[in-house]
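Topology and contacts: notes
Here is how the chains run, residue by residue.
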Amino acid sequence: MDLPRKTRVPHEAGAPLLQVEDVTVAYVPATTNGSTTMLRAGEQKSEERYALHDVSFEIGGGQRVAVIGPNGAGKSTLFKVIAGTLRPSQGTIHIFGHGAEEHICVAYVPQRNQIDWSFPVTVEDVVMMGRVGQIGLFRHPRRRDWEIVRHSLERVNGRHLADKQIGELSGGQQQRVFIARALAQQAELLLLDEPFTGLDIPSHEAIFNILDMLDREGVTVMVATHDLNLAAEQFEQVMLLNKEVVAFGPPPTVLTTENLVTAYGGQMHVLGGSEGNVVLADTCCAGEEEMATKG
C-alpha cells in the first residue's frame with residue numbers, strides 16, 4: 001500500500017532531514033521537594049546545569065543512527081527536543097528546513113517505563129493515534145484511515161493483536177505496536193528511546209527486521225541505546241553523546257578507546273588488552289555493557 005506522505009509544511013528542497021544547531025537545554029537542579037525545572041530560552045539562573053550543551057549535527061534521509069552515552073548523557077532529552085515536545089534553552093532544530101513543531105513526519109517512542117500501560121485502550125486505537133496529525137484533532141477517522149492502521153499492524157506482524165488492551169502485551173509486542181503507530185503516521189524520522197531494554201533475543205530480532213524494512217523504504221531511524229556492541233554491529237552511524245557530541249560517524253571512527261573514555265569518564269574502565277584490542281566496561285549500568293574495540 002503506497003501512500004503519498006502528507007506534511008503540515010512543504011519540505012524545503014535540498015535541506016537535510018534533520019539539522020540540529022547549537023542546541024542547549026539547561027535546568028535548575030532538584031530542590032528540597034525533588035523537582036527540577038528546565039530553563040526557557042534566554043532565561044538564566046546561577047545554579048543552572050546542562051542536559052545538553054551546544055549540540056550540533058546533521059542527518060540525511062534513510063540513515064540508521066545509534067545514540068549512545070552514559071546515564072544522564074542527554075539522550076532522552078535530545079529526542080524530546082527533536083520531536084518538539086521540549087523546547088531548548090537555545091539553538092534550533094530544523095526538519096527539512098522548518099521548525100520541529102511544524103512537522104508531523106517525526107515519530108517519537110519513549111522508554112517503556114514512561115508510558116501508562118494501564119490506560120484502557122486497544123492496540124488498534126493506539127495505532128490510530130498516529131493518524132491524528134493527518135486527520136485533524138477533532139475529526140473522525142475515515143475508512144481509509146482504518147485501512148492504514150490495519151496495514152501498519154500487518155507490517156509489524158501485529159494484526160492479531162488489534163483488539164487486545166495495550167497493557168496485556170509483552171514488551172516486544174508493545175514496541176512493535178508503537179512502531180506500527182509511526183508507520184500509520186507515515187513518519188520519515190523515527191526516534192526510539194531504549195527500545196530493546198528488557199526484551200528477549202527473538203523480540204530484538206523482530207524489531208530489527210522492521211528496522212531493516214524501514215531502511216529499505218528510506219525512513220531515518222535514531223535509536224538511543226546503552227548496548228555498545230549493538231551500536232557497532234547494527235548501525236551505519238553512531239553518535240557518542242555526553243551532554244555534548246563527543247563523536248559522530250561510522251562505528252569504527254567513533255568507538256575508539258579515546259572517544260569512549262572521554263564520553264564515559266570514570267564510569268569506563270580499561271580491563272586489559274593492547275591499543276588495537278582494548279576491552280572497555282561501562283560500570284554505570286551495573287556491568288550491563290561491555291565493548292571490545294578492534295583497531
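Residues numbered from 1 in each chain as written. Predicted model: local features only at pLDDT ≥ 70, side-chain atom pairs only at ≥ 80, totals over all residues. Heavy atoms only, no water.

**Description of the overall build of the chain**
Assigned secondary structure in the chain consists of 9 helices and 14 strands. Out of the 295 residues belonging to the chain, those deemed buried represent 49%. Sequence-distant contacts, at least 24 apart, represent 68% of the contacts inside the chain between residues at least 6 apart. As displayed, the chain has an accessible area near 14,400 Å², and 48% of this comes from carbon and sulfur atoms. (Helix = DSSP H or I, 4+ residues; strand = E, 2+ residues; numbered from the N terminus. Buried < 20%, exposed > 50% of the residue type's maximum accessible area, 1.4 Å probe, protein only. Contact = heavy atoms within 4.5 Å. Areas by Shrake-Rupley, 256 points an atom, 1.4 Å probe, with all protein chains shown as cover.)

**What to know about the environment of Ala26**
When you line up the elements, Ala26 lands in strand 1 (residues 18-28). Put simply, Ala26 and Pro88 are 62 residues apart on the chain and 7.8 Å apart in space, counted from C-alpha to C-alpha.

**Some remarks on the pairing of strand 4 (residues 64-68)**
Most of strand 4 is tucked away, with 5 of its 5 residues classed as buried. Where strand 4 and strand 9 (residues 220-224) come together, 4 bridges link them in parallel fashion. Residue pairing in the sheet places Val65 in a bridge with Met222 of strand 9. Of the strand pairs in this sheet, strand 4 and strand 10 (residues 237-242) are connected by 4 bridges, and their pairing is parallel. Note on strand 10: the bridge partner recorded for Ile68 is Leu240. (Pairing = 2+ DSSP bridges.)

**Some thoughts on the confidence of the model for the chain**
Looking at the chain as a whole, its pLDDT mean stands at 82, while 76% of the residues score no less than 70. Of the regions scoring below 50 in pLDDT, residues 283-295 engages in 39 contacts with residues more than four places distant in sequence or in other chains. (pLDDT = per-residue confidence, 0-100.)

**Some points on the nonpolar core**
Within the largest apolar cluster, 52 residues are counted, with the highest numbers of intra-cluster contacts made by Leu190 and Leu214. With 7 residues, helix 5 (residues 171-185) is the largest single contributor of residues to this core. Residues within four places of Leu214 in sequence aside, it is in contact with Leu183, Leu190, Val219 and Val221. Counting residues in each nonpolar core, the second largest holds 29 residues, with Val25, Leu52, Leu78 and Phe79 among its members. (Core = buried A, V, L, I, M, F, W, Y, C linked by side-chain atoms within 4.5 Å.)

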